[in-house]
Structure formats: C-alpha cells, structure tokens
Amino acid sequence: MNSVSSPVTIFTGAIAVYFLFITFPRQLTSPRAALAILGLGLAFFGIGLTDGHFRKIVTTPDNVPIVGMLFVFGYFTWFAMRKAVANDIRMEKGEPTVEKLETDEKVLVFPYLIFIEFVIALVYAVGLVLWSIFLKAPLEEPANPTVSPNPSKAPWYFLGLQEMLVYFDPWIAGVLLPTLIILGLCAIPYLDRDPSTSGFYSFKGRKAVISVYLFGFWILWILLIIVGTFLRGPNWNFFGPFEVWDVHKVVPLVNVNLSDLIFIKGLSRGLPKQWFIREAPGILLVLFYLAVPPAILAKTVFKEAYKKLGAARYGFLVMLLLLMCALPIKMYLRWAFNLKYLVAIPEFFFNI
Amino acid sequence: MPEPEKKPRLDLGKFITESQLYKSMFRHGYSTSDRDRALSVMTNVFFHLHPVKVRKSGARFGFTWCAGGLSFFVFLTLVVSGILLMFYYRPTVEYAYNDIVALREHVPFGIMRELHRWGAHAMIITVWLHMFRVFMTGSYKPPREFNWVIGVILLVLTMLLSFTGYLLPWDQLAMWAITVGSNMARATPFLGHEGPGAALLSIGDIPLVHSGSDVRFALLGGRFVGAGALLRFYILHCVAIPTAAVVLMSVHFWRIRKDGGISGPL
Amino acid sequence: MAEESQMDRRSFLSWFGMAWLAFAAATTGALSIVLRALFPNVVFEPPTSFKAGLPADYEIGTVDERWKEKYGVWMIRTPEGIYALATICTHLGCTPNWLAAENKFKCPCHGSGFYKTGINFEGPAPRPLERYRIALAEDGQILVDKSRKFQQEKGEWNNPESFLNL
C-alpha cells in the first residue's frame, strides 16, 4: 500500500474512478454497487485502524471532521446521482420527474417543514455535544515565532490550497486560483442558464455541467485536502497512508525550469542573460495555451456552447476551464519532468 | 335540586393557551386548524423567514437535505457558544493562551470551546453540502442566479470566520497556520510586497509597496503574526465578519422567497 | 413664468453629474480614511538592528544559530568572512531548520531546501534566502541591520554591505 501510493498513482486513480462514475452512473449508483463501495471504504478504514500510524493520523481531533466529511459527501454524492438517474429514466419513458409530481401541491410550512428543521437541529445538537465530550479541542505549545512545527499546516479546509502551493507560486496558488474559484462559482448561473433542468435532480440533460463541478469538487478540492492532511508529513514530503512520518526521510527534489530544459539540456549552452530571451519559450507556451485551444474548441467540441453563449460568455467559460485544467497539467508536468516553472522571472516575483 | 355544576377538569394545555400571557405572545390559538397554522408562521418573526406554504416537493428532506437550514442553525449555536467564550478570553499575546487553558479547567462543563471549534468545522461541511445540493438540483438557474452569488460570498465568509478564529488560541498550531495562510497575501499582484508588479509601483527609488504598507500588513497590523494580528483577527472574528454574514444571510433568506421559494421543476 | 423657472434638460444633467461627482468624491475620501486607519504610524515590534558579538566568537565553517530565536538571523562564518541570513523561507515565511548532517536549510512547511549560502535548490521556494546588512561597529562588534536586505537574484549579494570581509 505504501509502495504504490504516491501523488501520481492517487491522483490518476481518482481521475479514473471519476470517469467511471460519470460514464456509468446508472450501474454505479445501484444500491448494490453503493453498498460495495461503502463496504470497501469501511474495510479500508477498519483494516487501516489496526495500523498505529494510520490510527494516529485519522483520529487526530482536527482530522476527524475530514473523515466524517468524506462519508457525508460520499453518501450525498451517491444519493443525488441516484435521484438524478431515477429522474432520467422517468423522463426517457415520458413520465414526469418525482419532483414534478408534487410541484403544484402546497403544504403548510407549520408544522411540516418546521418539523423537519426541528428534528435536524435536534439531531445535530445532540451529535455536537457528544462530539465535544469525546474529543478535546487541540491545544499545542504557546505560540513561538522562531520554531516552525514540522509539518506546518493550514486549517484543513485550506489544505487544498496549501497542496497547490507545491506546484504553483504563492501568487497563483494563494491569490489567483482562489479568486478564480470564487469568481468561477459566482459565474455558474450566468453560464448555465437553461431553466428546463432547474429544480429537480437530473444528470442526462446536464452531463457536462455536473461533470465539471464534480471534477472540481472531488478531484481538485477534496482529494487535495485528503493528500494535504493525511499524506503530507514532515518537510511536506509525501508519505503513504501506513508509512511512519520520518523527519529524516530524504526525497530528492531537484526541480528544473523550462528555460533550463531548453537552453542547458536542449541547446547545450548557458542561460541567456536577459530574462525576456531566457523566458521567451515559456511565455509563448503559456500564451499559446490560453489563446489557441479556445479558438479550436469553439469550432469543434464547444460549437453548440459557443452559439448558445455568444463570444464574451464563451470566452469567459473557456478561460475558467483552461485555468482549472492548468492545475492537473502542472501537476503531471512536475511528476513527469520535475518541471518547476514554465516561466521563471524571480526578478519580478513572477513565476508560473 | 339542580344538579351541581360539573367542575371542569383542569386542562393545563387550555389553561396555558388561553392565558393572557400566552395570547399576548402568540395572538392565535394553538395550531390545530389550518388558519392557526398559517398564523403561527405569519405572526412569528422567526418562522416568518418561511412563507406560509411551500411546494410539497420542496418540503421533502430528500430534496433539500435541510442543509441550508442546518447551516443557519449551526451558525446560531456558534454565536451562542462564541459569546460565552468571549466572557473568558482576552485577545492579547500575554493572556490569550492562558485564558484558553483556564477555560478548560476553571469553567464548569468545560466543553464550550469544543462546541465552538467542532461547530465551526461542522458549519463548513454543512455549507459545502448546501451548495452541493443547490448545484445538483440546478436551483441556481434564473431567476435565482444572484442568490447563488450571495451564497458563494457567504461560503467565503464562513471560511474566513473559521480562519480568523483559528488564530485566537495563540498556540503553535494557530500561529503557523495563520503565518502560512497570510503569507500568501504577500504575493498578491501589485498589492503584496512580494507580488508580481509590486516593484513597478514606486516613486524613484522609494517603493510604495513594501512590507510595511502592503495588504498583509493591513491584515496583520504588523510585519509578522504578533500582537496586532491577534487583536485584528479577534475583531474580525467576533464583530466584522459575523455582521457582514448576518446582513448577507438576511438578504439570502429574503431572496429565496422573492425569487419564488424553494426551487421546483417548471 | 413657469417655463423659465424650470431647468432645461442639459443644465439639469450637469447638476446631476456634479452631484454624482461630489458623492463619488466624498465616498472615495471616506474609504481612503478607512484604508489609512489600517496602517498605524508606529508598530511596536522588536528593534531591527542588533550587535552580534565579536567576529572571533564564530567558528569557521559553521552555521551559528545563537541569534535565530531572538532576532531571526543565522550567522555563517566562512574562511573569507561572515554573512547574516534571514531565517524566513522565501516561499511562505516559515522558519527553516539547519540540518547540519545534510548540510542544508530545510523548511518544514513545504520542503524548500537551501544551501549554506542561502541558494535554493529544492522544493517550491522561488528564490534564495535573503541576507541582512552586516558591518563592524566601532567597538569591534558585528552589527546586523535587518532593515536593509540583499537579494541574490537581484545581484545584491555583490554589495559590500551584504558580506563582512575578515
């Protein structure tokens, strides 16, 4: 388990599972398949808990909510897709969706809705008190500005961002990408406006939209949080789930820039003195990535979308999608070529 | 001889609901008729967040997962536990850590900090879950698009609330999480002193954006995470961000109704 | 007459424009006051320069950590002289550790590694550690001034103030 786990295998495996899930939602959301997946998950945890290190990481008080969140979101992803698939099948048969059957009927908020809210609030309150009794809130040594704990981690919900910092400079991972995530989320209703799929669970009619969302949420957010929390140890080295966090683990991390690859390895000469000559290939590559695919996609795969959205909205959409894909692309470049930066201009703090 | 008047059995429920005190509070009978049920929503400022009637499909737990309502409830519990914590906490480098330790040992039923911390984690999860549900049902589509935007801002505020609260125990975990988190602000383009473009903003040799004048300094009230940062994060955590969140929540709830209630198929 | 007392359309618009302009100016003014309030004139932070003892206190070839805790400075004595390295990782500002066995600085937060010179060679740090101004005071002690820093990628390590020749 330790030997096969690395960022590459975990990430690639997760992407494979993701594609399986969106390609065969009908088969994979059947109760039998769901129970099998749940069983696998529980078995992994059950067996894992017999390992001292795994138990220690997973039961760290601050990490417990993440484990809970995994099961909560796993369940509700399955639940939503299950309902979506059921509605898809009904619509194929020409029947109204489950929600449509009841949409004209009105019920009094008191007591029906209030009752649900009350019960949920009660369940939550009891759960929270029990949680608080059994798990102490962590408190470490008093703050000391001169001693960084090893590893130093952000709160768990920001660990996706901290994991991105391995692959991108702070101004991209810490400022640009979060801004884009927020902007992109805000932009969703202005890019996907088709009201015919509003207000009920469905998948078939919204396949592209839901797939992008699930990819962003599960692969680029939750998975990075898991890697950042459970699998990053001292010195931010990668550790397998059952590997003891050894402070002295030595991992050669000699990363090179694109300019090194081209001028030193490719052309066998020194780096040019001027930064704009040195970084020209990288800058051109980045500009190419942001300019050419939108044009090609508008003529091919996204032809319909281009017609429906118009140039401005389409441009915004493609830009968001390209920048979203930039993260996995950069990750794979790092793993394949030890590539550090495509464009590296430390003179201006500008590295991509 | 006339039959002695039968003394009515004391009906406690009736006694309460017909008392002047009860009537002054609720202005309608106990909810046994549809009219009273409607009135109990309309005449109650808290229930009044809801309309009197909703689509049956929207009142189902299987549809909403009650994630939005739960997020609000979690927020309320955090307000209560947070206020209780404020009674015992002083946001200074000298006292903060000791106050947190004392909180655990000197206060009866010392789980208030746990309730607050785990509640904060729970709120992040419920807010994400609410967004997930709204997305999966396509409920952000017109006419609800702007309410989705407000929701995204509320999501960001929730995470900022949690982040600012993370510093307050003033232990190693807190300090370094905030150091790492706030150092990203150094790299903000143009506004952070290590961001791309910041070097361009200068008059002659004097840089306008340096470690004493960039966004990180404004956030921390100093060049590193110290006394200024603790006080600023405390104020942000207890006053500024909750106020913004409450305002936006009011708009969010109001707009659910104005945009046509809990979404349903056309 | 009524017609004369009424403003014509153009002058109404210009008044309206003026009003908006005044409003915008007032708002900008108020906001800039708010913004200014975020930046105090005086910050109570530790002094930025300190005396680091005599050059003879430092052993050639070692990284001296005696000022790390108090001032955030490593003193490195080479056969040629001494330089003062900042203990702030150029990635996200954590404090790296000096690993004498591996002969490198290693940052615990994201794994950046630096040679003894301060040059970055592994991990995400985008540039070398910074050096502080270093000089000899009149009493023969070393004076480290943290308010002035030298960055290698800008070629500032050639500056004589970044290195104390002995």
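Residues numbered from 1 in each chain as written. Chains lettered and ligands numbered in written order. Predicted model: local features only at pLDDT ≥ 70, side-chain atom pairs only at ≥ 80, totals over all residues. Heavy atoms only, no water.

A short note on the overall build of chain A
Within chain A, the secondary structure is distributed over 14 helices and 3 strands. In terms of its C-alpha atoms, chain A occupies a principal-axis envelope of roughly 75 × 55 × 35 Å. Across the 352 residues of chain A, 47% fall into the buried class. A separation threshold of at least 6 residues defines the contact pool for chain A, and within that pool the share at least 24 residues apart is 71%. Looking at chain A as shown, the accessible area adds up to about 17,100 Å², and 74% of this sits on carbon and sulfur atoms. (Helix = DSSP H or I, 4+ residues; strand = E, 2+ residues; numbered from the N terminus. Buried < 20%, exposed > 50% of the residue type's maximum accessible area, 1.4 Å probe, protein only. Contact = heavy atoms within 4.5 Å. Areas by Shrake-Rupley, 256 points an atom, 1.4 Å probe, with all protein chains shown as cover.)

Regarding helix H5 (residues 67-86) of chain B
Over its 20 residues, H5 of chain B runs 28 Å from end to end, which matches the ideal 28 Å to within 8%, given 1.5 Å per residue. Among all positions of H5 of chain B, only Ala-67, Leu-70, Ser-71, Val-74, Phe-75, Leu-78, Ser-81, Gly-82 and Leu-85 of chain B are buried. Angular distribution of buried residues about the axis of H5 of chain B spans 145°; they occupy a single face of the element. Summarising the contacts, the buried residues of H5 of chain B are in contact with helix H7 (109-134) of chain A together with helix H4 (61-64), helix H6 (96-106), helix H7 (112-136), helix H8 (145-167) and helix H11 (227-258) of chain B. (Expected span 1.5 Å × (residues − 1). Arc of directions from axis to C-beta.)

Quick word on the side chain of Asp-171 of chain B
You can see Asp-171 of chain B is positioned in the loop between H8 and helix H9 (172-186). When near neighbours in sequence (up to four residues on either side) are disregarded, Asp-171 of chain B contacts Pro-138, Leu-139, Glu-140, Glu-141, Pro-142 and Ala-143 of chain A together with Tyr-97 of chain B.

Some details on the packing of aromatic side chains
According to the stated counting rule, one finds 57 aromatic pairs over all chains in the structure shown. Their ring planes at 90° and their centres at 5.6 Å tell us that Phe-44 of chain A and Phe-54 of chain A sit as a pair that is edge-to-face. Taken together, the residues Phe-44 of chain A in helix H3 (residues 31-49) and Phe-54 of chain A in helix H4 (residues 52-58) connect sequence positions 10 residues apart. Residue classification places Phe-44 of chain A among the partly exposed positions, given a relative accessible area of 33%. When its relative accessible area of 7% is taken as the criterion, Phe-54 of chain A is described as buried. With a centroid separation of 6.0 Å and 85° between ring planes, the pair formed by Tyr-124 of chain A and Phe-73 of chain B is classed as edge-to-face. Here Tyr-124 of chain A is found in helix H7, whereas its partner Phe-73 of chain B is found in helix H5 on a different chain. (Phe/Tyr/Trp six-rings, centres within 6.5 Å; stacked < 30°, edge-to-face > 60°.)

Overview of the confidence of the model for chain B
Across chain B, pLDDT averages 88, with 97% of residues at or above 70. With a pTM of 0.89, the predicted complex shows an ipTM of 0.94. (pLDDT = per-residue confidence, 0-100.)

Here's the deal with the interface of chain B and chain A
Taken together, the contact between chain B and chain A spans 89 residues of the former and 95 residues of the latter. Between chain B and chain A lies a buried interface of about 8,700 Å² when both sides are counted; carbon and sulfur atoms form 73% of it. Sorting the residues of chain B by area buried against chain A places Trp-118, Trp-128 and Met-136 of chain B first, and these three jointly supply 9% of that buried surface. Across the pair Glu-114 of chain B and Lys-136 of chain A runs a salt bridge whose closest N-O atoms are separated by 3.9 Å. Those elements that provide at least two residues to the side of chain B that touches chain A are helix H3 (34-42), strand S1 (53-55), H4, H5, H6, H7, H8 and H9 of chain B. For the side of chain B that touches chain A, the element with the highest residue contribution is H7 of chain B, accounting for 17 residues. Looking at side-chain class alone, the side of chain B that touches chain A contains 53 nonpolar, 20 polar and 16 charged residues. Where strand S1 (residues 106-108) of chain A and S1 of chain B come together, 3 bridges link them in antiparallel fashion. For Val-107 of chain A, the partnering residue across the bridge sits in S1 of chain B and is Val-54 of chain B. (Buried area = accessible area lost by both parts, 1.4 Å probe. Salt bridge = Lys/Arg side-chain N within 4 Å of Asp/Glu carboxyl O. Nonpolar A, V, L, I, M, F, W, Y, C, P; charged D, E, K, R; others polar. Pairing = 2+ DSSP bridges.)

Focus: the domain arrangement of chain A
Residue and element names in this part refer to chain A. When the domains of chain A are assigned, the result is domain 1 (1-139 + 210-251) and domain 2 (154-199 + 252-352). Centre-to-centre, using C-alpha coordinates, domain 1 lies 28 Å away from domain 2. Contacts between domain 1 and domain 2 engage 25 residues on the former and 23 residues on the latter. Together domain 1 and domain 2 conceal approximately 2,000 Å² of surface at their shared face, both sides included; 77% is due to carbon and sulfur atoms. (Domains from an automatic or database assignment.)

Things to note about the interface of chain C and chain B
At the junction of the two partners, chain C supplies 19 residues and chain B supplies 17 residues. When chain C packs against chain B, the two sides together hide about 1,200 Å² of surface, and 59% of this comes from carbon and sulfur. Three residues, Phe-39, Glu-45 and Leu-92 of chain C, lead the burial of chain C against chain B; their summed loss comes to 43% of the area buried on that side. Here chain C is connected to chain B by 0 salt bridges. Counting the contacts that link chain C with chain B gives 1 residue pair in polar contact (both at pLDDT 80 or more). Class assignment for the residues of the side of chain C that touches chain B results in 11 nonpolar, 5 polar and 3 charged. (Polar contact = N/O pair within 3.5 Å; in protein donor to acceptor, adjacent residues only side chain to side chain.)

Quick look at the nonpolar core
By size, the foremost hydrophobic cluster in this structure holds 151 residues, and its most contacted members are Trp-156, Tyr-157 and Ile-219 of chain A, Trp-128, Trp-148 and Leu-167 of chain B together with Phe-105 of chain C. Sequence-distant contacts of Trp-156 of chain A, defined by excluding residues within four places in its chain, comprise Asp-62, Pro-65, Ile-66, Met-69 and Ile-225 of chain A together with His-121, Ile-124, Ile-125 and Trp-128 of chain B. Listed in part, the 15 residues of the second largest apolar core include Val-73, Ala-86, Tyr-132 and Ile-142 of chain C. (Core = buried A, V, L, I, M, F, W, Y, C linked by side-chain atoms within 4.5 Å.)

Looking at unusual backbone geometry
A cis geometry characterises the amide bond from Phe-110 of chain A onward to Pro-111 of chain A, with omega recorded as 10°. Tracing the backbone shows Pro-111 of chain A in helix H7. A cis geometry characterises the amide bond from Pro-142 of chain B onward to Pro-143 of chain B, with omega recorded as 10°. Examined against the element boundaries, Pro-143 of chain B turns out to sit in the loop between H7 and H8. Despite not being glycine, Trp-65 of chain B has its phi angle at roughly 60°, a positive value.

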